[in-house]
Amino acid sequence: MRPELNLNYASFVIEYPPLPPLEGTELSDLFAVIRHTHEFESFRSVNGGAVLESEGVRRVEIDRSKLAFQEAIEGDFESVAESAVALTQTVQSDLHVWQFRVDQVTLRAVVGLGEQHLSAVLQERVLALRREQYAALGNVSLVALRLFGSERGVVPFDWQVEVAPLVADPHFLYLETVIFPNALGGEAESVQNGLRTAYEFLAGNVARFVGTFLPSWQTFEGRRQA
Amino acid sequence: MRSREPDRSALRSVTPDDRTRNARRKAPETDPSWGRVDFISDLMRLSRRMSDEINADPAEAAALRESHDQVREGRIVSQEELEERYRRQDEEERQ
């Protein structure tokens, strides 16, 4: 995996057949194992499951039938992906999860593209709506796109993409890709495959799509290819 | 009397999703040390937790019920009266 886009967020959810109720010290023992390899500020039991968390940085929810991982990426994506796979392996082996399904993978990136107000670009170059049509809504401050689709290749998956101006500063482009793989897996590597697929879709298909209506994207692409 | 300082541990922690989601913040000017918290839901949670704490203490729960009854029945009609009552309670506890 050779990331080129600066991602700021990665998350995934895996689901597995419900385990027997997690009892006694099972979860705290698991935390003790995980903390050898992964740093978390806190651990707490919640409704028969557990939440491991470093506030604002990494959060993992584990219960009888699901593991949900999310991380605000501050370093490189590849390390986050490796760390996520290792953590999945630990949970899988400690709780005896023999099969699971990657339910969804989400990646987000924020890209600075210069002076253009990206809401205006989307409004003028992408949507065939006249300015007066927006009036029905009242005061529209930003325009964004959300698209849904299905990839029917060797690895089929459904996807959801958001192309938007960053609300906090509309001169930045916000890209979010969520993929929903349709395959069962038993190996932690399927998490890595899910992350890789999501990244390739974001850096490939989504990037090409954005380039069709956003000239400054070409400059950005040139810089990141250099 | 119990301290009325907000207990930060009662607040929902800020998750990576909160930090990176592309959404309008309800309180963008929020003190950075609090993170980008959703103020409304956090305050609701905080008030529920304070209420749970008060109800867990029979004496305090009784005092709170008494205050509510007095307000409902019109025996206490002003904020000043309530504040005066709390001030007196604090003084009694100090003594």
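Quick notes on the rules
The numbers attached to residues start from 1 for each chain and follow its sequence in the written order. Going through the entries in the order they are written, you letter the chains from A and number the ligands from 1. Local features are withheld for residues below a pLDDT of 70 in this predicted model, meaning they are given only at 70 or higher, and side-chain atom pairs are given and counted only at 80 or more; totals for whole chains, interfaces and linings count all residues. In computing side-chain values, all of the structure's heavy atoms are included and hydrogens and water are not. Remark: exposure states derive from per-residue accessible area (1.4 Å probe, protein chains only) relative to the maximum for the residue type, with buried under 20%, exposed over 50%, and partly exposed in between. Helix and strand labels come from DSSP, where a helix needs a run of H or I of at least four residues and a strand needs a run of E of at least two; each type is numbered from the N terminus. Directions pointing from the helix axis toward each C-beta atom define the arc. Here an angle of 0 to 180 degrees is reported between the N-to-C directions of two axes, which are lines fitted to C-alpha atoms, with helices fitted over the stretch in contact. Whether a crossing is left-handed or right-handed is set by the direction in which the near helix is turned from the far one by less than a right angle, anticlockwise for left-handed and clockwise for right-handed. Contacts between residues were defined by any pair of non-hydrogen atoms, one from each residue, lying within 4.5 Å. Here the nonpolar group is Ala, Val, Leu, Ile, Met, Phe, Trp, Tyr, Cys and Pro; Asp, Glu, Lys and Arg are the charged ones; every other residue, Gly included, is treated as polar. Here a cavity means grid points, on a 1 Å grid over the protein atoms only, where a 1.4 Å probe fits yet cannot get out; a pocket means an open set of points with protein on both sides within 12 Å along at least five of seven lines; lining residues are those with an atom within 4 Å of a point. Grid points are joined across faces, edges and corners, and a volume is the space filled by probe spheres set on the points. Classification of ring pairs uses Phe, Tyr and Trp, with its six-membered ring standing for Trp, and accepts pairs whose centres are within 6.5 Å; under 30 degrees between planes counts as stacked, over 60 as edge-to-face, and the remaining range as tilted. Think of it as a cone above the ring: NZ of Lys or CZ of Arg counts as a charge over the ring if it is within 6 Å of the ring centre and within 35 degrees of the ring normal. We call a set of buried Ala, Val, Leu, Ile, Met, Phe, Trp, Tyr and Cys residues a nonpolar core when their side-chain atoms join them within 4.5 Å. In what follows, salt bridge is the name for a side-chain nitrogen of Lys or Arg lying within 4 Å of a carboxyl oxygen of Asp or Glu. Accessible-area loss on putting two parts together, using a 1.4 Å probe and summing over both, is the definition of buried area adopted here. Any two strands between which DSSP finds at least two bridges are classified as paired.

Caption draft 1: Molecular detail of helix 1 (residues 26-34) of chain A. When we look at burial in helix 1 of chain A, the residues that qualify are Leu27, Leu30, Phe31 and Ile34 of chain A. Looking straight down helix 1 of chain A, one finds its buried side chains confined to an arc of 100 degrees; they lie on one side.

Caption draft 2: Here's a closer look at the packing of helix 1 of chain A against helix 2 (residues 77-95) of chain A. All names here are of chain A. The geometry of helix 1 relative to helix 2 is characterised by a closest axis approach of 10 Å and an angle of 145 degrees between their N-to-C directions. Here helix 1 runs over helix 2; the crossing is right-handed. Packed against helix 1, whose contacting residues are Glu26, Leu30, Val33 and Ile34, the element helix 2 presents Leu87, Thr90, Val91, Asp94 and Leu95 at the interface. For the contact of helix 1 with helix 2, the per-class residue count stands at six nonpolar, one polar and two charged.

Caption draft 3: Expanded view of empty space enclosed by the protein. Residue and element names in this part refer to chain A. What the rule picks out here adds up to one cavity of 30 Å³ or more. The volume enclosed by the largest cavity comes to roughly 30 Å³. Forming the walls of the largest cavity are Ile14, Tyr16, Leu67, Thr88, Val91, Gln92, Val97 and Phe100. Looking at the lining of the largest cavity, the element that brings in the most residues is helix 2, giving three residues.

Caption draft 4: Seen up close, the packing of aromatic side chains. All names here are of chain A. Under the criterion given, the structure shown has six aromatic pairs over all chains. With centroids separated by 5.6 Å and ring planes inclined at 90 degrees, the aromatic side chains of phenylalanine 157 and phenylalanine 201 adopt a geometry described as edge-to-face. Of the two residues, phenylalanine 157 is situated in strand 8 (residues 157-166) and phenylalanine 201 in helix 4 (residues 189-211); the sequence distance between them amounts to 44 residues. For the pair phenylalanine 157 and phenylalanine 201, a shared accessibility class is recorded, and that class is buried. A ring pair is formed by tryptophan 159 and phenylalanine 201, whose centres lie 5.2 Å apart and whose planes are at 40 degrees; its orientation type is tilted. Of this pair, tryptophan 159 sits in strand 8 while phenylalanine 201 is found in helix 4, placing the two residues 42 residues apart along the sequence. Of the two residues examined, tryptophan 159 and phenylalanine 201, each falls in the buried class. Between the NZ or CZ atom of arginine 58 and the centre of the ring of phenylalanine 40, over which it lies, the distance is 5.4 Å. Between arginine 108 and the ring centre of tyrosine 9, over which it is positioned, the NZ or CZ distance is 4.1 Å.

Caption draft 5: Spotlight on the nonpolar core. Residue and element names in this part refer to chain A. Core analysis: the biggest nonpolar cluster contains 63 residues, and Ile62, Leu67, Leu173 and Trp217 have the highest contact counts within it. Per-element accounting of this core gives the leading share, ten residues, to helix 4. Setting aside its immediate chain neighbours within four residues, isoleucine 62 contacts Tyr16, Leu30, Ile34, Gly49, Ala50, Leu52, Leu67, Val91 and Leu95.

Caption draft 6: Region of the structure containing the pattern of salt bridges. The full count for this structure, using the stated rule, is 18 salt bridges over all chains. Notably, a salt bridge pairs arginine 44 of chain A with glutamate 53 of chain A, separated by 3.4 Å at the nearest N-O pair. Classification of arginine 44 of chain A as partly exposed rests on a relative accessible area of 36%. Of the charged contacts in the structure, one is a salt bridge between arginine 88 of chain B and glutamate 84 of chain B, with a shortest N-O distance of 3.6 Å. Placement of both arginine 88 of chain B and glutamate 84 of chain B in helix 4 (residues 79-94) is noted, with a separation of four residues, approximately one turn of the helix. By relative accessible area, glutamate 84 of chain B is classed as partly exposed at 31%. A single salt-bridge network, built from bridges that share partners, covers Arg108 and Glu176 of chain A together with Asp17, Asp18 and Arg21 of chain B.

Caption draft 7: Inspection of the interface of chain B and chain A at higher detail. Contacts between the two partners involve eleven residues from chain B and, on the opposite side, 20 residues from chain A. Both sides of the chain B and chain A interface together cover about 1,300 Å² of buried area, and 46% of this is carbon and sulfur. When the area that chain B buries against chain A is broken down by residue, the three leading residues are Pro16, Thr20 and Asn22 of chain B, summing to 48%. Counting every contact that joins chain B to chain A gives two salt bridges. In this structure, arginine 108 of chain A engages aspartate 17 of chain B in a salt bridge whose closest nitrogen and oxygen atoms are separated by 2.8 Å. Residue composition of the side of chain B that touches chain A, grouped by class: three nonpolar, four polar and four charged.

Caption draft 8: Structural view of the environment of glycine 56 of chain A. Within the fold, glycine 56 of chain A resides in the loop between strand 3 (49-54) and strand 4 (58-62). Placed 67 residues apart in sequence, glycine 56 of chain A and glutamine 123 of chain A show a C-alpha to C-alpha distance of 33 Å. Ignoring any residue separated from it by four or fewer positions in sequence, one finds glycine 56 of chain A in contact with Ala72 of chain A together with Val14, Thr15, Pro16 and Arg19 of chain B.

Caption draft 9: Structural context of the pairing of strand 3 of chain A. All names here are of chain A. Burial within strand 3 is extensive, with six of its six residues counted as buried. Here strand 3 shows a buried face lined by Gly49, Val51 and Glu53 and a second buried face lined by Ala50, Leu52 and Ser54. Once strand 2 (residues 42-46) ends, the chain turns through two residues before running back antiparallel as strand 3, passing asparagine 47 with a positive phi of about 45 degrees. Summarising the sheet, strand 3 and strand 4 pair through five bridges and their orientation is antiparallel. The residue bridging glutamate 53 from the neighbouring strand is arginine 59, located in strand 4. Counting the residues that bridge the hairpin from strand 3 to strand 4 gives three residues, and of these glycine 56 lies at a positive phi of roughly 75 degrees.

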